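# Fold and contact review
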Amino acid sequence: MQSAVIIGATSGIGRELARILSENNYVVGITGRRTHLLSELQNELPNKSFIKHIDVSIPDKAMSQLKELISGMGGVDLCIISSGVGFISPELQWSLEKEVIDVNVSGFAAMANVAMNHFFQRGSGHLVAISSVAAIRGDGDSPSYNASKAFISNYMEGLRKRTIKLKLPIVVTDIQPGFVATAMAKGDGLFWVAPPQKAALQIFNAIKKKKRHAYITRRWRLIGWLLKVMPDFIYDRI
């Protein structure tokens, strides 16, 4: 059986991925801040699983905890970083901006650091990060969120280049979802909102195919292309 760790498995995409992986004969390690939700999820999983309380907003402690979990599982083949927060903050409320940076930037980088160093030592592995279509352009109502997702996608590209240089069979997959029906989907004018189950299934398929990048759901590749080619004078007025 293969083994996987999901960082941020208490709800949404991470929770659904834990179910899918367990149903596909993975031993899974599930982490998050709300241990009662992890225990509930563990009781639903058909195969062996491990739970670990990890708060990625405290990076140094989270790194030690993730190392403990990986060691307790005897190593892992796959690590999915699904933890994240996002807020509508047009007034740039610093407490909200800081929380996004602490979780989506510092916390993400800390978890990716542990995972990649494990894979370097192991000689193989697969790192998956849940970024967002929001990574492509900035946003006036949630500047820290979009910027944090741009950090994730850029960081993943750098890690991929590192593995290619080292000629190691380590896969690095950047997942960029559009709107998914989770607590992260906020604001007016939402469209093409996917159920978490559908999003997680498409992510699992991207993992199986060892893709470098995937839009979730697939129709969001059109929005991604439009955002990339749209002139600033049009985007600034949207």
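The sections below set out a description of the structure shown in this document. (Residues numbered from 1 in each chain as written. Predicted model: local features only at pLDDT ≥ 70, side-chain atom pairs only at ≥ 80, totals over all residues. Heavy atoms only, no water.)

### Side note on the nonpolar core
Membership of the largest hydrophobic core comes to 32 residues, with the highest contact counts inside it found for Leu66, Met111 and Leu127. For this core, the secondary-structure elements that each account for two or more residues are strand S1 (2-7), helix H3 (59-72), strand S4 (78-81), helix H4 (94-122), strand S5 (125-130), helix H5 (143-166) and strand S6 (170-177). The element that contributes the greatest number of residues to this core is H4, accounting for ten residues. Apart from the residues lying within four places of it in its own chain, the contact partners of Leu127 are Cys79, Ile81, Ala112, Ala115, Met116, Phe119, Met156, Leu159, Val171, Val172 and Thr173. Grouped together as the second largest cluster of nonpolar side chains are 28 residues, Val28, Ile30, Val128 and Ala199 included. (Core = buried A, V, L, I, M, F, W, Y, C linked by side-chain atoms within 4.5 Å. Buried < 20%, exposed > 50% of the residue type's maximum accessible area, 1.4 Å probe, protein only. Helix = DSSP H or I, 4+ residues; strand = E, 2+ residues; numbered from the N terminus. Contact = heavy atoms within 4.5 Å.)

### Some points on the pattern of salt bridges
One pass over the full model with this rule turns up eight salt bridges. In this structure, Asp77 and Arg122 form a salt bridge, with 3.0 Å as the shortest nitrogen-oxygen distance. In this pair, Asp77 is assigned in the loop between H3 and S4 and Arg122 in helix H4, connecting sequence segments 45 residues apart. Where salt bridges share partners, they join Arg15, Glu16, Arg19 and Glu44 into one cluster. (Salt bridge = Lys/Arg side-chain N within 4 Å of Asp/Glu carboxyl O.)

### Topic: the pairing of strand S2 (residues 26-32)
Among the seven residues that make up S2, seven are buried, leaving the element largely enclosed by the rest of the structure. Of the two faces of S2, the one carrying Tyr26, Val28, Ile30 and Gly32 and the one carrying Val27, Gly29 and Thr31 are both buried. One ladder, built from six bridges, connects S1 with S2; its direction is parallel. The partner of Ile7 across the bridge, within S2, is Thr31. The parallel pair S1 and S2 is bridged by helix H1 (residues 12-23), and the resulting crossover is right-handed. Note that S2 and strand S3 (residues 49-53) share five bridges and pair parallel. Across the sheet, residue Val28 finds its bridge partner in S3, namely Ser49. (Pairing = 2+ DSSP bridges. Right-handed = clockwise from strand over helix to strand, strands pointing away.)

### What about the sheet that holds S5?
Taken in spatial order, the seven strands make up an open sheet running S3-S2-S1-S4-S5-S6-S7, and their pairing is parallel. Each of the sheet's edge strands pairs with one partner strand only, and the pair in question is S3 and strand S7 (213-216). On average, each strand axis in the sheet is tilted by 15° relative to the strand beside it, whichever way the strands run. Where S1 meets S4, four bridges bridge the pair, whose relative direction is parallel. (Axes fitted to C-alpha atoms, helices over the stretch in contact; angles between N-to-C directions.)

### Some thoughts on helix H6 (residues 196-208)
Compared with the 18 Å implied by 1.5 Å per residue over 13 residues, the 18 Å span of H6 between its first and last C-alpha is a close match. Among the residues making up H6, those that are buried are Pro196, Ala199, Ala200, Gln202, Ile203, Phe204, Ala206 and Ile207. Lining the buried residues of H6 we find H1, S2, S4, S5, S6 and S7. Immediately downstream of H6, the backbone of Lys210 shows phi near 55°, a positive value. (Expected span 1.5 Å × (residues − 1).)

### Re the packing of H1 against H6
At a closest axis distance of 8 Å, the pairing of H1 and H6 adopts a crossing angle of 60°. By the angle class used here, H1 and H6 are oblique. In this structure, H1 meets H6 at a crossing whose hand is right-handed. Between H1, through Gly12, Ile13, Glu16, Leu17, Ile20 and Leu21, and H6, the contact on the second element is made entirely by Pro196, Gln197, Ala199, Ala200, Leu201, Ile203 and Phe204. A per-class count over the contact of H1 with H6 returns ten nonpolar, two polar and one charged. (Parallel < 35°, antiparallel > 145°, perpendicular 65-115°, else oblique. Left-handed = near helix turned anticlockwise from the far one by under 90°. Nonpolar A, V, L, I, M, F, W, Y, C, P; charged D, E, K, R; others polar.)

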